[in-house]
Amino acid sequence: MTPSSATAMSTAVVNASQSSTRPVRRTCYEPLASTHPGRQGIAAGACLPTIAVTEPGSGSHVLGMTTTAVRDGDDYLITGTKTFVGNSHIGDLHGVVARTGPGSRGLSAFLIEADRPGVHLTPHQPAMGLHGFSFGEIVFDNCRVPAANRLGADGDGLDVAYSSSILYGRPNLAAVALGLHQAILDTTIAYTASQHRYGDPLAHLPVVTQRLGAIQSRLMTARLAVYHAAHLLDTGQPCDAELINAKLINAEYAIDSARTAMEIHAAHGLHPQQSSLERYLRDALHIFAPAGTSDIQLLRLAEHALGTTAPPWSARFKTPVPRRAAVSVGR
Ligand SMILES: Cc1cc2nc3c(=O)[nH]c(=O)nc-3n(C[C@H](O)[C@H](O)[C@H](O)COP(=O)(O)OP(=O)(O)OC[C@H]3O[C@@H](n4cnc5c(N)ncnc54)[C@H](O)[C@@H]3O)c2cc1C
């Protein structure tokens, strides 16, 4: 995880792809067995997947989805609309969660090729920020999909949706927010050093100095939160609460710091020709909703505190990264 302030938007694209890739790749070695050839393409980087869970009438309420997958012989017929799907218009393979029955075990996941008959893209709509990243709507109109394209067993759809969101979406989005946050600080430091008011650099004005300190403090806390969570995830330790908190802190603090920075820039922050700051503010606001709004993160953290959570997803899918061989230094 190496957030870069200069490449925050392209990082978002890569991260969105990663969020979709991991749950599909995982099925290579998890009990969610699927034999779809796209898995090899994804692993090789030749096939760009998406993860399509959100619907116009059910975002946070995943179980409220209405897209259906109806068994028809050796196939399923998929009907419904998925919205805000990252990379929707450039993805090769959609990971789609649909209803196959009632209740929380009534969701199943499918790999659906983008060029399969019955898959339609709603014309792309521009969004206020993250212009290097696209997300849009996919309509499945009685789309016939072989049962072999089902990702895992019937009823595993919620696992696919939650594991991709909690284990990958949250740390990835936290990293995007962290990169933006660093860019916000860098831009503001440069501005306050170059601008002079009352005969001194703007950075020397006590209120401005305090605000710079507040941005720096939020940035350091946000960085610690996501690095710690990512370390736990990488080393196979239970870390759902840490991942949730990392997403919460990074999204909220980046937005807070973008506002503080805008106030320091005052009117000078408003023109795209004069400063990148207004873009960073718009981009930061994009991190709020995906993989759960801050309200949802707080809800999950409260459940963690109350001890009412289900077994952590990070413990269910323990796949620590292999440790690197020790490098000897010196003679
Ligand atoms: C940049 C971006 C990329 C995205 N990428 C994808 C993607 O690749 N695939 C995909 O499927 N989706 C994607 N999404 C959609 C994202 O997952 C949803 O926006 C998110 O789940 C929230 O749903 P919603 O926007 O419909 O808000 P809603 O769920 O309708 O929420 C509306 C309001 O109600 C609050 N609320 C809802 N439920 C509760 C609750 N239980 N308790 C308290 N408050 C609540 C929310 O906090 C919010 O303020 C993306 C969104 C964005 C912005």
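Everything here concerns the structure above.
If you're wondering where the values come from, they're calculated on a predicted model, not measured in any experiment.

Asker: Can you break down the overall build of the protein residue by residue, with the values?
Answerer: Looking only at helices and strands, the protein features 8 helices and 10 strands. Looking at the 331 residues of the protein, the share that counts as buried comes to 50%. Across the protein, every contact between residues at least 6 apart in sequence was considered, and the portion connecting residues at least 24 apart equals 74%.

Asker: Any chance you could break down the pattern of salt bridges for me, citing the residues and the numbers?
Answerer: Tallying each qualifying case throughout the model produces 11 salt bridges. If you follow the salt bridges from partner to partner, you end up with Asp 72, Asp 75 and Arg 144 in one network.

Asker: Could you give me a rundown of the packing of aromatic side chains, with the residues and numbers involved?
Answerer: Following the criterion strictly, the structure yields 4 aromatic pairs and no others. Centroid distance Tyr 162 to Trp 313: 5.9 Å. Interplanar angle 85 degrees. Geometry classified as edge-to-face. Residue Tyr 162 is located in helix H3 (residues 157-194), and its partner Trp 313 is located in helix H8 (residues 313-316); the two are separated by 151 residues in the primary sequence. Among the aromatic residues, those joined into a ring-pair cluster are Phe 84, Phe 133 and Phe 135. Above the plane of the ring of Trp 313 lies Arg 316, whose end atom (NZ or CZ) is 3.8 Å from the centre.

Asker: Give me the lowdown on unusual backbone geometry, citing residues and values where you can.
Answerer: Of note in this structure, Phe 84 is not a glycine but carries a positive phi near 55 degrees. Within the secondary structure, Phe 84 is located in strand S3 (residues 75-86). A positive phi angle, near 50 degrees, is found at Ala 266, a position not held by glycine. Relative to the helices and strands, Ala 266 resides in the loop between helix H5 (240-265) and helix H6 (277-286).

Asker: Would you mind going over the packing of H5 against helix H7 (residues 294-306) in detail, with residue names and values included?
Answerer: For the pair H5 and H7, interaxial distance at closest approach is 9 Å and the crossing angle is 145 degrees. Crossing geometry of H5 relative to H7 is assigned as left-handed. On H7, the residues touching Ala 241, Ile 244, Asn 245, Lys 247, Leu 248 and Glu 252 of H5 are Ser 294, Gln 297, Leu 298, Arg 300, Leu 301 and His 304. Classifying every residue of the contact of H5 with H7 gives 5 nonpolar, 4 polar and 3 charged.

Asker: For the site of the ligand, give the residues involved together with the corresponding values.
Answerer: Near the ligand lie 18 residues; those nearest to it are Ile 51, Thr 54, Ser 60, Thr 293 and Asp 295. The side chain of Ser 60 places a nitrogen or oxygen atom 2.5 Å from an oxygen atom of the ligand. With respect to the ligand, the side chain of Thr 293 contributes an N or O atom lying 2.6 Å from an oxygen atom. Bound to the protein, the ligand loses 64% of the 980 Å² it would expose on its own. Sorting the residues of the shell around the ligand by element identifies strand S1 (49-52), S3 and H7 as the ones contributing at least two each. When grouped by side-chain class, the residues that make up the shell around the ligand number 11 nonpolar, 6 polar and 1 charged.

Asker: Which residues make up the packing of H3 against helix H4 (residues 206-234), and what values do they have?
Answerer: Contact pair H3 / H4: the axes reach a minimum separation of 10 Å and the direction vectors enclose 155 degrees. Between H3 and H4, the crossing angle belongs to the class labelled roughly antiparallel. Here H3 runs over H4; the crossing is left-handed. On H4, the residues touching Leu 167, Pro 171, Ala 174, Ala 175, Leu 178, His 181, Gln 182, Leu 185, Thr 188, Ile 189 and Thr 192 of H3 are Val 208, Leu 212, Ile 215, Gln 216, Arg 218, Leu 219, Ala 222, Arg 223, Val 226, Tyr 227 and Leu 233. Tallied by class, the residues present in the contact of H3 with H4 amount to 15 nonpolar, 5 polar and 2 charged.

Asker: Explain the nonpolar core to me, using residue names and the numbers behind them.
Answerer: Counting 44 residues, the largest nonpolar core has Leu 167, Leu 243 and Ile 287 as its most contacted members. Those elements giving two or more residues to this core turn out to be H3, H4, H5 and H6. Looking at this core, the element that brings in the most residues is H3, giving 13 residues. Excluding residues that lie within four positions of it along the chain, Ile 287 makes contacts with Leu 130, Leu 173, Val 176, Ala 177, Leu 180, Lys 247 and Ala 251. Core analysis: the next-biggest nonpolar cluster, separate from the first, contains 15 residues, Ala 69, Val 96, Ile 112 and Ala 147 among them.

Cut-offs applied
- Residues numbered from 1 in each chain as written.
- Predicted model: local features only at pLDDT ≥ 70, side-chain atom pairs only at ≥ 80, totals over all residues.
- Heavy atoms only, no water.
- Helix = DSSP H or I, 4+ residues; strand = E, 2+ residues; numbered from the N terminus.
- Buried < 20%, exposed > 50% of the residue type's maximum accessible area, 1.4 Å probe, protein only.
- Contact = heavy atoms within 4.5 Å.
- Salt bridge = Lys/Arg side-chain N within 4 Å of Asp/Glu carboxyl O.
- Phe/Tyr/Trp six-rings, centres within 6.5 Å; stacked < 30°, edge-to-face > 60°.
- Lys NZ or Arg CZ within 6 Å of the ring centre and 35° of its normal.
- Axes fitted to C-alpha atoms, helices over the stretch in contact; angles between N-to-C directions.
- Left-handed = near helix turned anticlockwise from the far one by under 90°.
- Nonpolar A, V, L, I, M, F, W, Y, C, P; charged D, E, K, R; others polar.
- Near = heavy atom within 4 Å.
- Polar contact = N/O pair within 3.5 Å; in protein donor to acceptor, adjacent residues only side chain to side chain.
- Areas by Shrake-Rupley, 256 points an atom, 1.4 Å probe, with all protein chains shown as cover.
- Parallel < 35°, antiparallel > 145°, perpendicular 65-115°, else oblique.
- Core = buried A, V, L, I, M, F, W, Y, C linked by side-chain atoms within 4.5 Å.

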